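Observations on chain architecture
Chain by chain, the residues:
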Amino acid sequence: MRKIITLMILFSAGCSSTSLVTNWKNPDIVLFDANKVLLVGMTSNEEARVQFETKLKDEFSKRNVESIRSIDLFDVEFTSSEKSEEELSEVEQQLLNKDFDAILFTKIIGSENKETFRKRMSNLDWSLNSFNDDYLEYQPIFYEDDYYEEFTIYHAETSLYCICVGKERELIWRGNIDIIDPINIDKTINDYVKLVVFALKEQDLIFRKEHRDEVTSL
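Residues numbered from 1 in each chain as written. Predicted model: local features only at pLDDT ≥ 70, side-chain atom pairs only at ≥ 80, totals over all residues. Heavy atoms only, no water.

1. Focus on the packing of aromatic side chains
Going by this rule: Between the rings of Phe, Tyr and Trp (Trp by its six-membered ring), a pair exists once the centres lie within 6.5 Å; its type follows the angle of the planes, with under 30 degrees stacked, over 60 edge-to-face, and the other angles tilted. Think of it this way: any DSSP run of H or I at least four residues long counts as a helix, any run of E at least two long counts as a strand, and we number them from the N terminus. Remark: exposure states derive from per-residue accessible area (1.4 Å probe, protein chains only) relative to the maximum for the residue type, with buried under 20%, exposed over 50%, and partly exposed in between. Remark: a charge is flagged as sitting over a ring if the NZ atom of Lys or the CZ atom of Arg is within 6 Å of the ring centre and within 35 degrees of the ring normal.
Scanning the entire structure with this criterion turns up two aromatic pairs. Ring centres of Phe52 and Tyr192 lie 5.8 Å apart, and the angle between their planes is 70°; this geometry places the pair in the edge-to-face category. With Phe52 in helix H2 (residues 46-62) and Tyr192 in helix H7 (residues 185-202), this residue pair connects regions lying 140 residues apart in the sequence. The pair formed by Phe52 and Tyr192 is uniform in burial state, with each residue classed as buried. Seen in terms of ring centroids, Phe60 and Phe207 are 5.0 Å apart; in terms of plane orientation they differ by 70°. Their pairing is edge-to-face. Of this pair, Phe60 sits in helix H2 while Phe207 sits in the segment after H7, and the two are 147 residues apart along the sequence. With respect to class, Phe60 is no different from Phe207; both count as buried. Directly above the ring of Phe100 sits Lys36, whose terminal nitrogen or CZ lies 4.6 Å from the centroid. For the cation-ring pair, Arg63 lies above Phe207, with the distance from its terminal atom to the ring centre recorded as 5.5 Å.

2. Quick word on the environment of Arg169
The condition that has to hold: Residues are treated as being in contact if the distance between any of their heavy atoms lies within 4.5 Å.
With respect to the secondary-structure elements, Arg169 resides in the loop between strand E5 (148-162) and strand E6 (170-180). Using a relative accessible area of 36% as the deciding quantity, one classes Arg169 as partly exposed. With 77 residues separating them along the chain, Arg169 and Glu92 place their C-alpha atoms 8.7 Å apart. Contacts of Arg169, omitting those with residues within four sequence positions, involve Glu85, Leu88, Ser89, Glu92, Tyr161, Cys162 and Ile163.

3. Overview of the nonpolar core
Heads up, the condition is: Only buried Ala, Val, Leu, Ile, Met, Phe, Trp, Tyr and Cys residues count toward a nonpolar core, and they belong to the same one when joined by side-chain atoms within 4.5 Å.
In this structure, Phe32, Val37, Phe60, Leu104, Leu160 and Ile206 are the most contacted members of the largest nonpolar core, which totals 30 residues. Among the secondary structure elements, those contributing two or more residues to this core are strand E2 (36-42), H2, strand E4 (102-117), E5, E6 and H7. Sorting elements by how many residues they give to this core places H7 first, with eight residues. Aside from chain neighbours lying at most four places away, what touches Val37 is Phe60, Val65, Glu66, Ser67, Ile68, Phe100, Ala102, Ile103, Leu104 and Ile206. The next biggest cluster of nonpolar side chains, apart from the first, holds 10 residues, and it includes Val40, Phe74, Phe100 and Phe105.

4. Here we look at helix H4 (residues 85-97)
Just so we agree on the cut-off: Take the number of residues in a helix, subtract one, and multiply by 1.5 Å to get its expected span. Arc definition: it is the arc formed by the directions from the helix axis to the C-beta atoms.
The end-to-end C-alpha distance of H4 is 18 Å, a good match for the 18 Å that 13 residues give at a rise of 1.5 Å each. Those residues of H4 lying buried are Val91, Glu92, Leu95 and Leu96. With its buried residues spanning 145° around the axis, H4 presents them on a single face. Summarising the geometry of H4, the exposed residues directed more than 90 degrees from the buried face are Glu86, Glu90 and Asn97. In the stretch just after H4, Asp99 is the one whose phi turns positive, near 70°.

5. Some thoughts on the pairing of E2
As a reminder of what qualifies: Strand pairing follows a simple DSSP-based rule, namely that at least 2 bridges must link the two strands.
The buried fraction of E2 amounts to six of the seven residues, a majority that puts the element mostly inside the structure. As judged from the four bridges shared by E2 and strand E3 (residues 66-69), these two strands associate in the parallel manner. What sits directly across from Val37, in E3, is Ser67.

6. Describing H2
Short version of the rule: Nitrogen and oxygen atoms within 3.5 Å of one another constitute a polar contact, given that in protein one can donate a hydrogen and the other can accept it, and given that sequence-neighbouring residues count only through two side-chain atoms.
Look at H2: 24 Å from first C-alpha to last across 17 residues, which is about the 24 Å you get at 1.5 Å a residue. Among the residues of H2, those classed as buried are Ala48, Arg49, Phe52, Glu53, Lys55, Leu56, Glu59 and Phe60. On an axial view of H2, the arc spanned by its buried residues comes to 155°, and they lie on one face. When the buried face of H2 is taken as reference, the exposed residues oriented beyond 90 degrees from it are Glu47 and Lys62. The N-cap of H2, judged by a side-chain oxygen 3.1 Å from the amide nitrogen of Glu47 a few residues on, is Asn45. Looking one or two residues beyond H2, the residue adopting positive phi is Asn64, at roughly 60°.

7. A short note on the pattern of salt bridges
Defined as follows: For this analysis, a salt bridge means a side-chain nitrogen from Lys or Arg found within 4 Å of a carboxyl oxygen belonging to Asp or Glu.
This structure, assessed with the given rule, holds 10 salt bridges. Here Arg63 ties to Glu59 by a salt bridge, and the two come within 2.9 Å at their closest N and O atoms. Under the relative-accessibility criterion, Arg63 is labelled partly exposed at 33%. Residue class for Glu59 comes out buried when judged on its relative accessible area of 7%. One salt bridge in this structure joins Asp191 and Lys187, with 2.7 Å as the shortest N-O distance. Highlighted residues: Asp191 and Lys187, both in helix H7, separated by four residues, approximately one helical turn. The class of Asp191 is buried, set by a relative accessible area of 11%. Of the residues examined, Lys187 reaches a relative accessible area of 35% and is grouped as partly exposed. Connected via shared salt-bridge partners are Lys55, Glu59, Lys62 and Arg63.

Shown next, in the form of structure tokens:
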């Protein structure tokens, strides 16, 4: 588990716009295989939904796992109104009848605004030895409106559910992922999908991580 966490920190610490905050796996599940997965991106932004589900489908196809985008399964009428428990149960049965055995469900669950200094501590000039130097260097704090930079963090959640017979709606895995100031939607979606696939692979869920012979010491 420590190795998995370390790898995920390294994965999210680069130029990626996403980071894995929490990573939960059903303790009763060791391996989970899926033959046909429904990919659901819940958003009112139709363009983003198409891009996200398409990118996910491409990654599943690369790994020879059949997947279907929700946009190809749910019509506009289905997503334009609230659905009852009974209606969703009917959908679930239809999925079982069509040989689906898993749902990968992604949604935005919240957001928050953050503020940071334009200049960071790592860039401080330690040669400022006098009050005058110090004051002159940082006086823009008084009058420059952009001295503090604002950005938005979106909190997203991706869940893997089994819809196998007798185990309908069983939660297999859930990951909470922060999306940091998403300016470029293409890059954000690519980063998010890569992180989800990476997390599933590391947990041996649908995909399998490569096992290499390693010499370790405690």
